[in-house]
Amino acid sequence: MLKLYNTLTRQVEEFQPLKKNAVGLYTCGPTVYNYAHIGNLRSFIFEDILKRALLTDGFRVKHIMNLTDVDDKTIKASREANQTLSKFTDIYTRAFKKDIQKLNILPPTKFALATKYIKQMVALVQKLLKKGIAYEKDDSIYFCLAKFPNYGRLARLKNQELKSGARVNVDDYEKENPADFVLWKKWTPKDGKVFWNTPLGKGRPGWHLECSAISATELGQPLDIHAGGVDLIFPHHENEIAQSETATGKPFVKYWLHGEHLLVEGQKMAKSLNNFFTLHDLEAKKFNPLAFRYLLLTAHYRSKLNFTWESLQAAQNALESIYLQIRDWDKPKVGCAEFEEKFFNAINNDLDTPRTLAIMWEMIKSPLPSAAKAQSLLKFDKILGLDFKKYIGKKEKISTAIKKLLDERVKARQEKDWEKSDELRKEIEKIGYSVEDTSQGQKILKK
Ligand code: AMP
Ligand code: ZN
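What you see is a predicted model, and the numbers here were worked out from it, not measured in a lab.

### A closer look at the overall build of the chain
Tallying secondary structure elements over the chain gives 14 helices and 18 strands in all. Sorting the 447 residues of the chain into buried and exposed places 53% on the buried side. Counted over contacts in the chain with a minimum sequence separation of 6, partners at least 24 positions apart contribute 73%. Counting every atom, the chain has about 21300 Å² of accessible surface; 51% of that belongs to carbon and sulfur.

The structure is reproduced here in structure tokens:
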């Protein structure tokens, strides 16, 4: 039985899909104006664990992820780069897809580019205008908060915080500033060549509109699960709810899930704070992207996690040590039922990945036959996504040159010549292997 924390009720609830066995999952994707930073990637890994949990529980999942390829940021950055909006955003869309592949994030059923849904967005605004919920001011179109009494329920805004009548024209703004938000922006010279000629006039959508239009088109309304990082609760998700629920009169989403932030030195990792790293930065320091995935799994998705290079190194060491051990294991057979039960109970308990890692380690260290452990580890990897299959039972083929260095190292160590032993380790590392001294002798691993 899968239990998830629903931001709407602030409670852990049993997950009951709207339709038997088929789950609609909508996750807010990246704004493709730059490379994703590893904070962004934390949100996508949390959503990946969620999806893998649903899949292993036997649900069919239709997963839609939007890509924001038109908004204030993409327009500004593309103009600064002197490129058309579509060429510019395409660079970062491709980079994002590569990043998620390296992190073993399962791709969504569909990536939905915002610019491919302009018609649906326009229709949605027309509906809101017709109902008198949207209004025109200075040729832009705004959502009137006063017309939606439930506004602020997800973010738990207090009534006095709602300044109806105040307007915001920018896509992103702070919680202190709830106001009538823009649905359709009138073209201004700042937008350059980015505009659509539509019945709403010459302009472009406000950021919040795309998720309402895309999710309704692809998943219908209501939908089962909508997820994103905690910073999206307000204003983005609050505005999505307002748009979708007033347009149709139906509830928008049954379960809202939000992942906590990745921090650096105690602060949110953010492009605006210039305190971010990309996956490329990690790889340039010779880190395996999956070591980053492992690091994230050590924290619960609803806890903040402070990123340090030391913690990433520790994660990489842990992962490599598993790879090393499982190379010597026998072919998967039977499995360890008791550990499997504990593992899947933990994941079904609001995606408790730190607990699943502890259970995995307990099993690895147990004296059970390696074939049984291998079988269970493969099952665990359906959730963890750490590539264990590549290593189980795959003994490293050692070239004669390395074999010679290893033999020399054994001899040096027998003679307690630690200096020589270290030199030989460095030689071996130069060829691309790391050496670990274990109770069963030297183990090497391709770096
Ligand atoms: P954006 O590209 O800014 O639209 O953000 C993409 C996703 O990354 C959203 O779900 C954000 O909530 C999430 N996000 C942004 N910063 C962080 C962070 N420091 N830690 C975790 N998630 C983040
Ligand atoms: Zn969204």
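We are not done yet, so read on.
### Describing the side chain of Lys 443
Relative to the helices and strands, Lys 443 is located in strand β18 (residues 441–446). One polar contact links Lys 443 to Asp 328, side chain to side chain, over a distance of 3.0 Å. Sequence-distant contacts of Lys 443, that is, excluding residues within four places in its chain, are made with Leu 324, Asp 328, Ser 434, Val 435, Glu 436 and Thr 438.

### Focus: the sheet that holds strand β5 (residues 110–113)
Across the sheet, which stays open at both edges, the five strands sit in the order β5-β4-β3-β12-β13 with parallel pairing between neighbours. One side of each edge strand has no neighbouring strand; the edge strands of this open sheet are β5 and β13 (253–259). On average, each strand axis in the sheet is inclined to that of its neighbour by 25°, with strand direction left out of account. Pairing of strand β3 (residues 22–27) with strand β4 (residues 60–67), which is carried by six bridges, proceeds in the parallel orientation. Bridge pairing in β4 places Thr 27 opposite Met 65. Contacts from helix α1 (residues 38–56) reach β3, β4, β12 (223–229) and β13 within the one sheet, and its direction differs from that of β12 by about 150°.

### Topic: the coordination of the zinc ion (ligand 2)
Taken together, the protein donors to the zinc ion (ligand 2) comprise Cys 28 (SG), Cys 211 (SG), His 236 (NE2) and Glu 240 (OE), at separations of 2.1 to 2.3 Å. Around the zinc ion (ligand 2) sit four donor atoms; with metal-centred angles ranging over 74 to 129°, the donor geometry is irregular.

Scoring rules and cut-offs
Residues numbered from 1 in each chain as written. Chains lettered and ligands numbered in written order. Predicted model: local features only at pLDDT ≥ 70, side-chain atom pairs only at ≥ 80, totals over all residues. Heavy atoms only, no water. Helix = DSSP H or I, 4+ residues; strand = E, 2+ residues; numbered from the N terminus. Buried < 20%, exposed > 50% of the residue type's maximum accessible area, 1.4 Å probe, protein only. Contact = heavy atoms within 4.5 Å. Areas by Shrake-Rupley, 256 points an atom, 1.4 Å probe, with all protein chains shown as cover. Polar contact = N/O pair within 3.5 Å; in protein donor to acceptor, adjacent residues only side chain to side chain. Pairing = 2+ DSSP bridges. Axes fitted to C-alpha atoms, helices over the stretch in contact; angles between N-to-C directions. Donors = N, O, S within 2.8 Å, 3.2 Å for Na, K, Ca; no water. Tetrahedral: all angles 85-135°; square planar, octahedral: opposite > 155°, others 65-115°.

Just distances and angles here, no functional claims.
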